[in-house]
Amino acid sequence: MELTFLGTSAGVPCKSRNVTAMVFNPMNNAAQYWLFDCGEGTQHQMLHTVFNPGKLNKIFITHLHGDHIFGLPGLLCSRSMAGNENPLTVYGPAGIRQFIEMALQLSGSWTGFPLEIVEITAGEVFCDEEFRVTAYPLTHPVECYGYRIEQHDRPGALDASRLKAEGITPGPLFQQLKRGESVMLDDGRMINGQDYLGPARKGKTLAIFGDTGPTSAALTLASGVDVMVHETTLEAAMAEKANSRGHSTTVQAAEVARAAGVGRLVITHFSSRYDDAGCEALLRECREIFPDTIAAKDFMTVQI
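Source: prediction; values computed, not measured.

The sites that carry the UniProt feature "active site" (unreviewed entry) are, in the present numbering, D67. Among the structural elements, D67 can be located in helix α2 (residues 66-69). Relative accessible area serves as the criterion here: at 11%, D67 is assigned to the buried category. Filtering out sequence-adjacent residues up to four positions away, D67 remains in contact with A10, G11, V19, T20, G39 and H269. Polar contacts involving the side chain of D67 include one to the main-chain amide nitrogen of G11, which spans 2.9 Å.

This brings us to the UniProt feature "binding site: Zn(2+) 1" (unreviewed entry) in the protein. According to UniProt, the positions carrying the feature "binding site: Zn(2+) 1" (unreviewed entry) are H63, H65, H140 and D211. Spanning 149 residues, the annotated positions come together in the fold, the maximum distance between their C-alpha atoms being 10.2 Å. Restricting the annotated residues just mentioned to those that line the largest cavity leaves D211. Looking at the secondary structure, you find H63 in the loop between β5 (56-60) and α2. Residues in contact with H63, not counting those within four places in the same chain, are D37, H68, I69, P93, H140, V142, E143, C144 and D211. Take D211: it is sitting in the loop between β13 (205-208) and α7 (218-222). The exposure class of D211 is buried, given its relative accessible area of 4%. Setting aside its immediate chain neighbours within four residues, D211 contacts H63, H68, L138, T139, H140, C144, E231, G246, H247 and H269. Looking at D211, its side chain comes within polar contact range of the side chain of H68, at 3.2 Å.

Moving on, we come to the environment of S272. Along the chain, S272 falls in the loop between β16 (270-271) and α10 (276-287). It is 18 Å that separates the C-alpha atoms of S272 and M300, two residues lying 28 residues apart in sequence. With residues near it in sequence (within four places) discarded, S272 still touches S9, A10, V12 and R17.

All told, the structure shown has 11 aromatic pairs when counted by the stated rule. Measuring from centroid to centroid gives 5.7 Å for W34 and F126, while their planes differ by 90 degrees, and the two rings are edge-to-face. With W34 in strand β4 (residues 33-38) and F126 in strand β8 (residues 123-127), this residue pair connects regions lying 92 residues apart in the sequence. Across the pair, exposure class does not vary: W34 and F126 are buried alike.

To continue, consider the nonpolar core. In terms of nonpolar packing, the biggest core is built from 29 residues, with F209, A222, M228, V262, L265 and I267 touching the most fellow members. Secondary structure elements with two or more residues in this core: α7, α9 (250-260), β15 (264-268) and α10. Ranked by size, the runner-up nonpolar core spans 26 residues in total, among them F36, V133, I149 and V229.

A separate point is empty space enclosed by the protein. All told, the structure shown has 1 cavity of 30 Å³ or more when counted by the stated rule. As a volume, the largest cavity reaches approximately 70 Å³. Taken together, T20, M22, D37, H68, F209, G210, D211, H230, E231, T268 and H269 form the lining of the largest cavity. Here the residues of the lining of the largest cavity are counted per class, giving 2 nonpolar, 6 polar and 3 charged.

Between helix α3 (residues 72-81) and helix α4 (residues 96-106), the least distance of the axes is 10 Å, while the angle of their chain directions is 60 degrees. What the angle tells us is that α3 and α4 run oblique. Along this stretch, α3 crosses α4, giving a crossing that reads as right-handed. Between α3 and α4, the residues in contact are L72, P73, L76 and C77 and I96, F99, I100, A103 and L104, respectively. Its residues placed into classes, the contact of α3 with α4 shows 9 nonpolar, no polar and no charged.

On to the side chain of T250, then. When you line up the elements, T250 lands in helix α9. The exposure class assigned to T250 is buried, which follows from its relative accessible area of 0%. A polar contact of 2.5 Å, which involves the side chain of T250, links it to the side chain of E285. Once residues within four sequence positions are removed from consideration, T250 is found in contact with T232, L234, E235, A236, L282, E285 and C286.

Moving on: the side chain of H247. Among the secondary structure elements, H247 is positioned in the loop between α8 (239-244) and α9. Owing to a relative accessible area of 14%, H247 belongs among the buried residues under this scheme. In this structure the side chain of H247 is engaged in a polar contact, spanning 3.3 Å, whose partner is the side chain of T233. Look past the residues within four positions of H247 in its chain and what remains in contact with it is H140, D211, T212, G213, P214, E231, T233, A242, Q252 and H269.

Basis of the calculations
Residues numbered from 1 in each chain as written. Predicted model: local features only at pLDDT ≥ 70, side-chain atom pairs only at ≥ 80, totals over all residues. Heavy atoms only, no water. UniProt positions renumbered as here; feature names shortened; annotations may be inferred. Helix = DSSP H or I, 4+ residues; strand = E, 2+ residues; numbered from the N terminus. Buried < 20%, exposed > 50% of the residue type's maximum accessible area, 1.4 Å probe, protein only. Contact = heavy atoms within 4.5 Å. Polar contact = N/O pair within 3.5 Å; in protein donor to acceptor, adjacent residues only side chain to side chain. 1 Å grid on protein atoms, 1.4 Å probe; cavity = no way out; pocket = protein on both sides within 12 Å on 5 of 7 lines; lining within 4 Å. Phe/Tyr/Trp six-rings, centres within 6.5 Å; stacked < 30°, edge-to-face > 60°. Core = buried A, V, L, I, M, F, W, Y, C linked by side-chain atoms within 4.5 Å. Points joined across faces, edges and corners; volume = space filled by probe spheres on them. Nonpolar A, V, L, I, M, F, W, Y, C, P; charged D, E, K, R; others polar. Axes fitted to C-alpha atoms, helices over the stretch in contact; angles between N-to-C directions. Parallel < 35°, antiparallel > 145°, perpendicular 65-115°, else oblique. Left-handed = near helix turned anticlockwise from the far one by under 90°.

And the structure:
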């Protein structure tokens, strides 16, 4: 699993940073990607990566502030104009449907692919055989969510040596056994794949926070995740200003990471007042509390 940052600036773009967007690559050989938020210019940022908008099959929006959604109509239209017919689902707070449909209607645009728009509330928003995505309400002037992405535990390794020792030849049968199925052998023996599997491998977990001030939901959202992505709009000395606008500081984000027992903290959504040196100063403030912190940069990829 990988997460690539397409934009790391808060509110407005700056010379070295675009506004918020992240591509999640499950790396499951399906060649399909998820997008989290879609600030202005996101499709331009994608042109500098290996990611094709036509292969996006899910977009998760945290909230409806412009720096998180103004790139969405353009991306949808460009995807359609390219002749892409792959289905796409957009998840977001109440109002996301009106925003998309109004933008398309007033601009005389349409999508040539199946588009599903799901207006979410807190709780599970998506689940399939590989992933579960849950939304948690955050503290911001508009309705805003953070997303917890959980990969289901994977089957343990198949004990191929033991199977061979029992006279079972490798082949398609092994795939059935690896799925834990029971199969009948040519000699009449019935064997259960569960008896030949090692311990289950724990799935990876990721927490992506939308914009937020300090909130009681943070610890549940981030509890024990491998990677936590959290905004650090302002430095610790500007806590009052940050919190009054529904944002967090470096220290507040790092304290959540420490209390939630996360593996790594990735900070992002930096105010445009900070240049590269300023962002390094924000990183140092976080590391004083949570050493395993990295500062996101546009086009940086984080392994999960």
